[in-house]
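Breakdown of the fold
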Amino acid sequence: PFPHLWFMSRAGDPYDWYLGYAEDDVGRPIVASSTLGGVIGKPITAIIPHTDDYLIFATISELWVLRGDPALGGVMDRLSGTVGIVDRTAWCYGPQGETFFLSRDGLYRLPPGAGVFPESLSRESIPLELTNVDTKFAMIHMGYDLRHKKIHIYQTFKFNTKGKHFFWDYRLPGFWPVTIPST
């Protein structure tokens, strides 16, 4: 009912969601939005933890980063107002701690630290099947293959057993379709 809000339970107690504790209770449960003050945010499409350093929140067209504990003065910054993540599993970590993700218009790389605008890796060469993905009908799953240095992108259709699979070659930037036997 509130796709623009995120919730955190009490620190150390995943069953405590009571939101009426005093403001000075630093372990209290939290509810917040990843947006500028006074504005109703867009629905959250992905939440990405990165060690204990920061947490990335994404909408279809925005990226936000939370640094620090939200009950102890943590800071939420907007990394992008135009690039977001299409689905909750449309991201993966890379070998140097970077985060790769699929946006509406391509594959992106967010360097470790999440302090800069994400870098487009494929806007000019992305397969048509991976642009403007409608998550009502398809889910995107991504994974980094350390051995072959490739990013695997699986597109699974909710109403059809036949999906699409691509890999993006990190060394020779480009997409390659992959056929996976049904057996």
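See the structure shown above.
So, how was this worked out
Numbering of residues starts from 1 in each chain and follows the order in which that chain's sequence is written. The predicted origin of the model limits local features to residues at a pLDDT of at least 70 and limits the giving and counting of side-chain atom pairs to 80 or more, whereas totals for whole chains, interfaces and linings rest on all residues. Side-chain measures here rest on the full set of heavy atoms in the structure, leaving out hydrogens and waters. Lining residues are those with an atom within 4 Å of a point, where the points come from a 1 Å grid over the protein atoms alone and group into cavities, where a 1.4 Å probe fits but cannot get out, or pockets, open sets with protein on both sides within 12 Å along at least five of seven lines. Grid points are joined across faces, edges and corners, and a volume is the space filled by probe spheres set on the points. Following the grouping adopted for this structure description, the nonpolar residues are Ala, Val, Leu, Ile, Met, Phe, Trp, Tyr, Cys and Pro, the charged ones are Asp, Glu, Lys and Arg, and the polar ones are all others, Gly among them. Basic side-chain nitrogens of Lys or Arg form a salt bridge, by our definition, when they fall within 4 Å of a carboxyl oxygen of Asp or Glu. Burial classification: accessible surface area is computed with a 1.4 Å probe over protein chains only, and a residue below 20% of its type maximum counts as buried, one above 50% as exposed, and the rest as partly exposed. Each helix is a run of DSSP H or I of at least 4 residues and each strand a run of E of at least 2, with the numbering of both proceeding from the N terminus. Note on aromatic pairs: the rings of Phe, Tyr and Trp (six-membered ring only in Trp) are paired at centre separations within 6.5 Å, and the planes decide the class, stacked below 30 degrees, edge-to-face beyond 60, tilted for the rest. Counted as over-ring charges are cases with an Arg CZ or a Lys NZ within 6 Å of the ring centre that also lie within 35 degrees of the ring normal. In this analysis, strands are considered paired if DSSP registers two or more bridges between them. Helix axes are fitted only over the stretch in contact, all axes being lines through C-alpha atoms; the angle between N-to-C directions runs from 0 to 180 degrees. Candidates for patches are residues over 30% relative accessible area with no salt bridge; among them, like charges are joined within 9 Å and nonpolar side chains (Val, Leu, Ile, Met, Phe, Trp, Tyr) within 5 Å. Accessible surface is estimated by sampling points in the Shrake-Rupley manner with a 1.4 Å probe; for residues, cover comes only from the protein chains shown. Pairing of N or O atoms within 3.5 Å defines a polar contact, subject to two protein rules: one partner must be a possible hydrogen donor and the other a possible acceptor, and residues neighboring in sequence count only if both atoms are side-chain atoms. Residue contacts are defined here by distance: any two heavy atoms, one from each residue, within 4.5 Å place the two residues in contact.

Concerning the layout of surface pockets
There is about 220 Å³ of room inside the second largest pocket. What lines the second largest pocket is a set of 13 residues, and nearest its centre among them are Met8, Asp52, Tyr54, Leu55 and Gly68. Of the residues that constitute the lining of the second largest pocket, the class distribution is six nonpolar, three polar and four charged.

Side note on the pattern of salt bridges
Opposite charge on two side chains permits pairing when their charged atoms draw close. The tally for this structure, following the rule as stated, stands at eight salt bridges. As a salt-bridge pair, Arg28 and Glu23 come within 3.4 Å of each other at their nearest N and O atoms. With relative accessibility at 63%, the residue Glu23 sits in the exposed group. Between Arg109 and Glu119 there is a salt bridge, with the nearest N and O atoms lying 3.5 Å from each other. In this pair, Arg109 is assigned in strand β9 (residues 106-110) and Glu119 in strand β10 (residues 119-120), connecting sequence segments 10 residues apart. Given a relative accessible area of 39%, Glu119 falls into the partly exposed group. Here the residues in one salt-bridge network are Arg10, Asp16 and Asp25, joined through shared partners.

Concerning the packing of aromatic side chains
Applying the stated rule across the entire model yields five aromatic pairs. With centroids separated by 5.1 Å and ring planes inclined at 75°, the aromatic side chains of Trp91 and Tyr93 adopt a geometry described as edge-to-face. Here Trp91 falls in the buried class, since its relative accessible area comes to 17%. Its relative accessible area of 33% is what places Tyr93 among the partly exposed residues. The aromatic ring of Tyr21 is capped on one face by Arg10, whose charged end is 4.3 Å from the ring centroid.

Points about the sheet that holds strand β6 (residues 75-80)
Overall, antiparallel pairing links the four strands, which are arranged β3-β4-β5-β6 in an open sheet. In the strand order of this sheet, the two ends are held by β3 (46-50) and β6, each with one partner. Here the average twist between neighbouring strands, direction ignored, is 20°. In this structure, strand β4 (residues 54-58) lies alongside strand β5 (residues 63-67), joined through five bridges in antiparallel fashion. Across the sheet, the residue bridging to Ala58 is Leu63, located in β5.

Comments concerning a nonpolar patch on the surface
Nonpolar side chains collect at one region of the surface, where Phe7, Trp17, Leu19 and Val31 lie side by side and expose about 390 Å² of accessible area between them. Relative to the helices and strands, Trp17 resides in the loop between β1 (5-8) and β2 (30-33).

Focus: the sheet that holds strand β8 (residues 99-103)
With antiparallel pairing, the four strands of this open sheet are ordered in space as β7-β8-β9-β10. Each edge of the sheet is formed by a strand with only one pairing partner; in this case those strands are β7 (91-93) and β10. Both β9 and β10 contribute to a ladder of two bridges, which runs antiparallel. Paired with Tyr108 across the strands is Ser120, a residue of β10.

Some remarks on the side chain of Ser103
The topology assignment puts Ser103 in strand β8. Here Gly84 takes part through its backbone oxygen, which lies 3.0 Å from a polar atom of the side chain of Ser103. The contacts of Ser103, once residues within four sequence positions are left out, are Val83, Gly84, Val86, Tyr108 and Leu130.

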